[in-house]
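# Structural features, examined
Here's the letter readout for the chains.
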2 protein chains.
Amino acid sequence: SRAVEQRRREECCPHAEDTTTLSIPNYTQHVTPGVAPDLLPAKNGEEQTMQFLFEIVDILTTYVRKTFDRSTKVLDFHHPHQLLEGMEGFNLELSDQPESLEQILVDCRDTLKYGVRTGHPRFFNQLSTGLDIIGLAGEWLTSTANTNMFTYEIAPVFVLMEQLTLKKMREIVGWPEGEGDGIFSPGGAISNMYSVMIARYKYFPEVKTKGMAAAPRLVLFTSEHSHYSIKKASAALGFGTENLILLKTDERGRVIPADLEAKVIDAKQKGYVPMFVNATGGSTVYGAFDPINEIADICEKYNMWLHVDGAWGGGLLMSRKHRHKLNGIERANSVTWNPHKMMGVPLQCSAILVRERGVLQGCNSMCAGYLFQPDKQYDISYDTGDKAIQCGRHVDIFKFWLMWKAKGTVGFEQHIDKCLDLSAYLYNKIKTREGYQMVFEGEPQHTNVCFWYLPLSLRSLPDGQERRERLHKVAPKIKALMMECGTTMVGYQPQGTKVNFFRMVISNPAATRSDIDFLIDEIERLGYDL
Amino acid sequence: SRAVEQRRREECCPHAEDTTTLSIPNYTQHVTPGVAPDLLPAKNGEEQTMQFLFEIVDILTTYVRKTFDRSTKVLDFHHPHQLLEGMEGFNLELSDQPESLEQILVDCRDTLKYGVRTGHPRFFNQLSTGLDIIGLAGEWLTSTANTNMFTYEIAPVFVLMEQLTLKKMREIVGWPEGEGDGIFSPGGAISNMYSVMIARYKYFPEVKTKGMAAAPRLVLFTSEHSHYSIKKASAALGFGTENLILLKTDERGRVIPADLEAKVIDAKQKGYVPMFVNATGGSTVYGAFDPINEIADICEKYNMWLHVDGAWGGGLLMSRKHRHKLNGIERANSVTWNPHKMMGVPLQCSAILVRERGVLQGCNSMCAGYLFQPDKQYDISYDTGDKAIQCGRHVDIFKFWLMWKAKGTVGFEQHIDKCLDLSAYLYNKIKTREGYQMVFEGEPQHTNVCFWYLPLSLRSLPDGQERRERLHKVAPKIKALMMECGTTMVGYQPQGTKVNFFRMVISNPAATRSDIDFLIDEIERLGYDL
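Parameters and conventions
- Residues numbered from 1 in each chain as written.
- Chains lettered and ligands numbered in written order.
- Predicted model: local features only at pLDDT ≥ 70, side-chain atom pairs only at ≥ 80, totals over all residues.
- Heavy atoms only, no water.
- Helix = DSSP H or I, 4+ residues; strand = E, 2+ residues; numbered from the N terminus.
- Rg over C-alpha atoms; globule rule 2.2 N^0.38 Å.
- Contact = heavy atoms within 4.5 Å.
- Areas by Shrake-Rupley, 256 points an atom, 1.4 Å probe, with all protein chains shown as cover.
- Least-squares fit on C-alpha atoms with pLDDT ≥ 70 in both.
- Pairing = 2+ DSSP bridges.
- Axes fitted to C-alpha atoms, helices over the stretch in contact; angles between N-to-C directions.
- Salt bridge = Lys/Arg side-chain N within 4 Å of Asp/Glu carboxyl O.
- Buried < 20%, exposed > 50% of the residue type's maximum accessible area, 1.4 Å probe, protein only.
- Core = buried A, V, L, I, M, F, W, Y, C linked by side-chain atoms within 4.5 Å.
- Domains from an automatic or database assignment.
- Left-handed = near helix turned anticlockwise from the far one by under 90°.
- Nonpolar A, V, L, I, M, F, W, Y, C, P; charged D, E, K, R; others polar.
- Polar contact = N/O pair within 3.5 Å; in protein donor to acceptor, adjacent residues only side chain to side chain.

## Some words on the overall build of chain A
On a plain count of helices and strands, chain A comes out with 16 helices and 12 strands. Taking 2.2 N^0.38 as the reference for a compact globule, 530 residues should give roughly 24 Å; the C-alpha atoms of chain A span a radius of gyration of 25 Å, in line with that estimate. The principal-axis extents of the C-alpha atoms in chain A amount to approximately 75 × 70 × 45 Å. Restricting to contacts in chain A with at least 6 residues of sequence separation, those with at least 24 account for 74%. Here chain A displays about 17400 Å² of accessible surface, and carbon together with sulfur accounts for 49% of that area.

Now the structure itself:
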């Protein structure tokens, strides 16, 4: 059946080189097979250590080269059961006895072989795509330094880099002198969770000690198009998802401010306390930007915390051409901004920025004596760990700092502008093209281009239940074929009452117009006859 | 003043080589200075990319070699203001214009130069120490793959590795067939937070939708010696820190079960609902193991969730000699276990394990359509993202999986046994040595050895306020000198009514008896005359 599968793939993708044929360098020259690892800190382990690391780097640089090579596949798809059963000497099971270094190198090669090349110019599946070489170097260095952000003591350089970078980000948001506070967290969902926690601490600080019983019934607001992390935060932090009110949007997916105000008034009439509003700066599916200024007016009027979830759209602040889409963000009390999305920084890199100094610390500090000794020899205001809900914290800053150094602010701007140009190219190409239907009218605000592709058999079908049901199955089917072919990857999902559609997003610096053309051709090749 | 400082250091540490004299390879041969980066995906960028990555690897492997070389310093200490003012061409500030690749390489070298060598054989400052070469290779590969754990679709191999490894860990905990659930999270604090969330969901699932108002007043219990993350979780999740009851411990820092039962009864009499007990398997400061079986009896009797925080001590489960210290852990409902601590896995790598299947998913799932489409072509039970409080999730599994492959279970066991042997060596060396006083009697349960060092001037002083006050200042002073000398690093803190003492911990695979001897000599050299 593997042979059958192989044949099916070859038929399906005549132009995709099979990545399984990568040549394997003759590492056995260097690493003695079957011998237990004798790496550092073992005595006399230095030579073998260096040799082993160079072998690894050889595997990795080969992978990097292939990643940018359009004649390679994006992925070599296998089902879970196939990988679990074991692929030609690649066995995922762990055992009591050690493997040879030789086998470790094979395992590394195989891990990459059966993975997904997220840096490939035709990988468009997530908001985070691309493989920035400077960022990659930054991550390699970070791993080698292997330290922890909680104290200046063991991460002096990284702690200062974080501080300076957060300040720079706050300046770009538009807070005077870049004042405020912030921290890098393990992703946008956690950053958004921080915003809700901090807002609660600001309005009801006694919840920290007495729990939610010390507060009245608190209500949060967010768009029906917003990221699900706001809902996760409502559940986790003890508000309850029913107390998160979803706001109506216009047909472009932007919050309707009047709906917010009506729902605030309604909540107050019920005796609840409206506390927090999340405005999305670049929604996940439509790429919509909520009207922040109008929302800020309502927040001021009713004394609510304004958070802007710019996890996806925050990067547009770097572009003089596009930053107006976030106008009003300087009025926010807190902002989530993930450099690992639109700015191409390797995963993970997400910042929560807070306008008022002191609340982040106040909200989370527990003053653990074993970490944050007041009698250290240096200025302990640089020990940032007590601001976090984490204790240990991964160094996410260095790769970002290094990329900023290497590109300059202007380099990020160029990247953002280029991605938005590419999405405009895609939009203009398909908006009137036979077989395509846009999910919403007008040029997208972000790089999200949402569309249905209609196989020939559906084009003459009148709108109605049958057409909807059949159309709902088209995107999943094309996606499955794409993945089996390994030629490209793009996301799809339903949204509200809309059946499955493609959501194309561009954040990959390697993508060009030819890749957009390729995607369209590929969708048509795979979907025309469905 | 820099010259003065330099002189003071030289006097203070005649045996420590100055790391600032590292030779800098002549990278300008390869990278054209002053020219804007022309790396991939730029056209014809391949050669320069490879060259740049090899330069980086040269910097990193040099650093790795020096890390294990005892003639280098652990750190080259500078105050925050010194680093912020800029050190000889190392400027932390970000600018609008790009830097040359040449400067980027210098920045990388300087970042390492002014950092802390956490893998150095004499770095004992945290629970996470050491630099495992296989783990490092794993992290380099992880960065290169740059993907996200939320779906099988884009992380097929890593998702399966996580699943298999979690199952193996549950087997080692002792749950039948390794059944249950779990996830890798960004550190022990978040893992502990998960445990509280899951417990709440198990007993009061309606809190997810209705908030804490749907539950009675809930009470949590943990040792006064437990990690502060339990307190952080109480605050964040809406319980309130006052509803976290601290349990008394014996003089070794182990929970007194009778105190737990008394406090449970007291809470019930007040009308509160005791819900959750955290037992610590290896406390942060004393390395104490709470008596899990006796605590489990009480949890069963009063229908409370039992969590074991084995962030630090969980690694001992790998040792046939030491795992008895966690006897009863198989009765826990959830377990935190950080391979990045005692098992030497690079940061971050923390697992939350749950005995009952389904509650983790039930607690956190929000079913976001854009990520977790039900109509994918593969078995979507492998999409683990909806179990997490995160959305995007860093790949923490690969380095750990690779280390397990390379060492086998027996390799971890040997490492653990060796570290505990070393701490016994330290304990036996100082327990009766002139000038040392142990913080608690008896051989430590974990590798934590807690002691005061008394300068000569304090030894004849009678116990009392003056002695206490002076002793409180000794550890900070010695630590500051150590850091300025850069020769070694070890932690200190007060605990309860006990004034500052050293907490020595050993998890570093590079440490030997000679390093323990060195530490003792160094403390005496720096502290004798204080």
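## Concerning the relation of the copies chain B and chain A
Once chain B has been moved 0.0 Å along the axis and rotated by 180°, it coincides with chain A to within an RMSD of 0.0 Å. Expressed as a symmetry operation, the mapping of one chain copy onto the other fits a two-fold axis. Measuring from the rotation axis to each C-alpha of chain B, the shortest distance belongs to leucine 237 of chain B, at 2.0 Å. Mapped onto chain A, 99% of the interface residues of chain B again fall at the interface, so both copies present the same surface.

## Some words on the sheet that holds strand E12 (residues 498–504) of chain B
All names here are of chain B. Spatially, the five strands line up as an open sheet ordered E1-E11-E12-E10-E9, and their pairing is mixed. Each edge of the sheet is formed by a strand with only one pairing partner; in this case those strands are strand E1 (123–124) and strand E9 (436–438). Bridge analysis of E1 against strand E11 (residues 489–495) gives two bridges, and the strand direction is parallel. Across the sheet, the residue bridging to phenylalanine 124 is valine 490, located in E11. On the sheet, helix H15 (residues 465–485) packs against E9, strand E10 (449–453), E11 and E12 and is oriented at approximately 155° with respect to E11. This element, helix H16 (residues 513–527), spans E1, E9, E10, E11 and E12 of the sheet and lies at about 25° to E10.

## A closer look at the pattern of salt bridges
For the structure shown, the criterion picks out 62 salt bridges over all chains. Lysine 376 of chain A serves as the salt-bridge partner of aspartate 383 of chain A, at 2.7 Å between the closest nitrogen and oxygen. Lysine 376 of chain A carries the same exposure label as aspartate 383 of chain A, and that label is buried. Bridged by salt links that share partners, the residues Glu153, Lys376 and Asp383 of chain A together with Lys479 of chain B form one connected network.

## Digging into the environment of aspartate 297 of chain B
Tracing the chain through its elements places aspartate 297 of chain B in helix H11 (residues 292–301). As a C-alpha pair, aspartate 297 of chain B and arginine 331 of chain B span 34 residues in sequence and 9.2 Å in three-dimensional space.

## Examining the nonpolar core
Formed by 310 residues in total, the largest nonpolar core has its most connected members in Phe52 of chain A together with Phe52 of chain B. For this core, the domains that each give at least three residues are domain 1 (2–117) and domain 2 (147–402) of chain A. Setting aside its immediate chain neighbours within four residues, phenylalanine 52 of chain A contacts Leu39, Leu101, Ile104 and Leu105 of chain A together with Ile133, Ile134 and Ala137 of chain B. Grouped together as the second largest cluster of nonpolar side chains are 60 residues, Phe204 and Ile230 of chain A together with Phe204 and Ile230 of chain B included.

## Focus on the packing of helix H13 (residues 397–430) of chain A against helix H16 (residues 513–527) of chain A
Residue and element names in this part refer to chain A. The contact between H13 and H16 brings their axes to 10 Å, and the two run at 35°. You can see that H13 and H16 cross each other, and the crossing is right-handed. Counting all contacts with H13, which are made through Leu422, Tyr425, Leu426, Lys429 and Ile430, the residues of H16 involved are Arg513, Ile516, Asp517 and Ile520. Partitioned by chemical class, the residues of the contact of H13 with H16 number six nonpolar, no polar and three charged.

## Remarks on the pairing of E10 of chain B
For a regular strand, side chains alternate in direction, first toward one face of the sheet and then toward the other. All names here are of chain B. Counting buried residues in E10 gives five out of five residues, a clear majority hidden from the surface. Taking every second residue as pointing to the same face, both faces of E10 are buried, with Val449, Phe451 and Tyr453 on one and Cys450 and Trp452 on the other. As defined by bridge partners, E9 adjoins E10 across three bridges and the pair is classed as antiparallel. Bridged to methionine 438 within E10 is phenylalanine 451. Of the strand pairs in this sheet, E10 and E12 are connected by three bridges, and their pairing is antiparallel. Bridge pairing links phenylalanine 451 to phenylalanine 502 in E12.

## Remarks on the interface of chain B and chain A
On the side of chain A, 149 residues touch chain B, which itself brings 150 residues to the contact. Counting across the chain B and chain A interface gives 10 salt bridges. Residues lysine 479 of chain B and glutamate 153 of chain A are paired through a salt bridge, measuring 2.5 Å at the closest nitrogen-oxygen approach. There are 65 residue pairs in polar contact (both at pLDDT 80 or more) connecting chain B and chain A. Ranked by residue count, the leading element in the side of chain B that touches chain A is helix H2 (residues 46–67) of chain B, at 13 residues. Among the residues making up the side of chain B that touches chain A, the classes are represented as 85 nonpolar, 41 polar and 24 charged.

## Some points on the domain arrangement of chain A
The domain architecture assigned to chain A consists of domain 1 (2–117) and domain 2 (147–402). For domain 1 of chain A versus domain 2 of chain A, the distance between C-alpha centres works out to 40 Å.

## Thoughts on the sheet that holds strand E3 (residues 218–223) of chain B
Residues and elements named next belong to chain B. An order of E2-E8-E7-E6-E5-E3-E4 is seen for the seven strands of this open sheet, with the pairing classed as mixed. The sheet is open, and its two edges are formed by strand E2 (181–185) and strand E4 (244–247), each paired on a single side. Ignoring which end each strand starts from, the neighbouring axes of this sheet average 20° apart. Taken together, the four bridges between strand E7 (residues 334–337) and strand E8 (residues 350–354) define a ladder with antiparallel strand orientation. Pairing of valine 335 across the sheet is with leucine 353, part of E8. Sitting on the sheet, helix H6 (residues 156–173) is in contact with E2, E7 and E8, with an inclination near 115° to E2. Along the sheet, helix H10 (residues 257–269) makes contact with E3, E4 and strand E5 (273–280), crossing E4 at roughly 150°.

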